[in-house]
Amino acid sequence: MKFPTHFPHISGLMEDHHKKMQSDSCDPDRPTHPGTFPTCEAGRSDHQPAERSVDFPVSVVLPAGGTGERTGLQTPKQFCLFMGRPLISYTIQAFERVSWIQSIVVVVAREHMDLMTDIVQQFQHTKVRVVPGGSTRHRSIYNGVLALGEEGRPVADKPKVVLIHDAVRPFVEEDFLYKIAMAAKEQGAAGAIRPLVSTVIATTSEGYLDHSLERAKYRASEMPQGFTYDVIYQAYQKCSESDFEFGTECLHLALQYCGTNAKLIQGPPTLWKVTYKRDLAAAESIIKDTLSRSACAITGGSAQAVTLAGALQKAVGALNMELAVIPDLTGENGWYLLKDWNFIQVSVNRSCLSEVEALLTDLEAAKQALLHPLVVILVLLNGSDELSVSGRALEPEAIMDLASAAKLRNILLYGIQLHQSEDTQRWERSVSRVAEITSALIRDRSPALVGQLLQA
Ligand SMILES: Nc1ccn([C@@H]2O[C@H](COP(=O)(O)OP(=O)(O)OP(=O)(O)O)[C@@H](O)[C@H]2O)c(=O)n1
Ligand SMILES: O=C(CO)[C@H](O)[C@H](O)COP(=O)(O)O
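Being a predicted model, the structure only gives us computed values, none of them experimental.

1. A look at the site of ligand 2
The environment of ligand 2 is made up of R70, R137, D166, R169, S221, M223, Q225, T248, E249 and K273. In the environment of ligand 2, an oxygen atom lies 2.8 Å from a nitrogen or oxygen atom belonging to the side chain of R169. Here an oxygen atom of ligand 2 sits 2.7 Å away from a polar atom, N or O, in the side chain of K273. Protein chains bury 75% of the 370 Å² of accessible surface belonging to ligand 2 in isolation. For the shell around ligand 2, the leading source of residues is strand β10 (residues 219-228), giving three residues. Class assignment for the residues of the shell around ligand 2 results in one nonpolar, three polar and six charged.

Below, the structure written as structure tokens:
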């Protein structure tokens, strides 16, 4: 374990609290819902994004040099672990997966340089350079911008556009990055905005109301922002010590020091910044939610398993989970191993554990469990004479042993057993129980239930 043990895991900080969000209403000032979740895990994409044509170099600066005072935790929020992986790694991956982004500079406090380097290695980030930050956010960002244009680097390496994004906003998607990058290239500067939730008021020094702003005229400035390299470089060259010390807005520097009016683009609500402790719990909930949307059922091709998988597909569909049914993971189906999906081994035969073992070996080779715990569920259909494995009853210890070994490799193995029934109602009840248990196991990823053989 490379991370200091006092770094908190987020599970349990708060009760699961968010509801499925829906799209904004048509009035951009007053969205009726907070908005939609991203369509893929932060940092990873299940569905191939549309091919983007970006014919200029784009690099990214991720300021991650803060202390996260407002969370009240010892650990800076960017290093808090979400299912064993620090928040910063999710944000990095959201950029790394974008093919037209060339390089990413992560700016961290000097005392976290080694930790950040370990994170880059452990989670196999490939486009990242780590540089030391400054005492304020602007100073950190400026260090990142300077690192991108460092002397001695080939001119061709200097990016045309620099995207700046707080390390603690992990849910950013390619579509939106593309809009910001294109607008920045066109306009010199571009940034994400959101409607204000509260009215902004000015107070007197004695703590009385001075005046209030007309909310509909104002927007919250969010991240990402994009700049041509020259604009952001000049803005920081020209800005004052007071800007460096107290400023909170890069777009303002571009306007004041380069005369560049940023193009503003309304972004999705998931661009919100993790600021307070409750935001950490919300972020974990979103991460778990997005990892729980899809599963792949492997049937081995037997007619009974295919029938059960088909019924399961329908039942989990009603629970908003997508289930792909495939006979095995050979040939083109190997593609599923490269996705963030969960796996269900549907077995009706006596060699169910060897099928699971083979699946675990494939998953380990695909290295998906490096990034987050993978869920594998054995769904075992027992006919009247199928209660055994290799002639013996399937002992709970057998699956427990296999699960304990898999857990060391960050794979969470669970079992569900159901019995074949001629009674249609009984059979349907069993299938829908399997679907509910499956969905709960995948959603919760509970280490405590690993190795259990549950009855449906
Ligand atoms: N000297 C600093 C201060 C902040 N940041 C980064 O700027 C982003 C947004 O800042 P904020 O949310 O304010 O983070 P913190 O400063 O860490 O939080 P707090 O203000 O609660 O201490 C974060 O990714 C943070 O790590 C930075 O790179 N260097
Ligand atoms: O939204 C932003 C820029 O427009 C920044 O994320 C925000 O200003 C950072 O401020 P702080 O570090 O005080 O949270």
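2. A word on the packing of aromatic side chains
A full pass over the atoms with the stated rule returns nine aromatic pairs. Taking 6.3 Å as the distance between ring centres and 80° as the angle between the ring planes, the aromatic pair formed by F82 and Y90 counts as edge-to-face. Among the aromatic residues, ring-to-ring pairing joins Y142, Y236 and F244 into one connected group.

3. Overview of the pairing of strand β14 (residues 342-347)
By the criterion of burial, β14 is predominantly enclosed, with six of the six residues buried. Alternating residues of β14 divide into N342, I344 and V346 and F343, Q345 and S347, and every residue in both groups is buried. Sheet analysis places strand β12 (residues 294-298) next to β14, joined by four bridges and oriented parallel. Within β14, the residue paired with C296 across the bridge is F343. In terms of strand pairing, β14 meets strand β15 (residues 374-382) through five bridges, oriented parallel. Its bridge partner lying in β15, Q345 is registered against L378.

Procedures and definitions
- Residues numbered from 1 in each chain as written.
- Chains lettered and ligands numbered in written order.
- Predicted model: local features only at pLDDT ≥ 70, side-chain atom pairs only at ≥ 80, totals over all residues.
- Heavy atoms only, no water.
- Near = heavy atom within 4 Å.
- Polar contact = N/O pair within 3.5 Å; in protein donor to acceptor, adjacent residues only side chain to side chain.
- Areas by Shrake-Rupley, 256 points an atom, 1.4 Å probe, with all protein chains shown as cover.
- Helix = DSSP H or I, 4+ residues; strand = E, 2+ residues; numbered from the N terminus.
- Nonpolar A, V, L, I, M, F, W, Y, C, P; charged D, E, K, R; others polar.
- Phe/Tyr/Trp six-rings, centres within 6.5 Å; stacked < 30°, edge-to-face > 60°.
- Buried < 20%, exposed > 50% of the residue type's maximum accessible area, 1.4 Å probe, protein only.
- Pairing = 2+ DSSP bridges.

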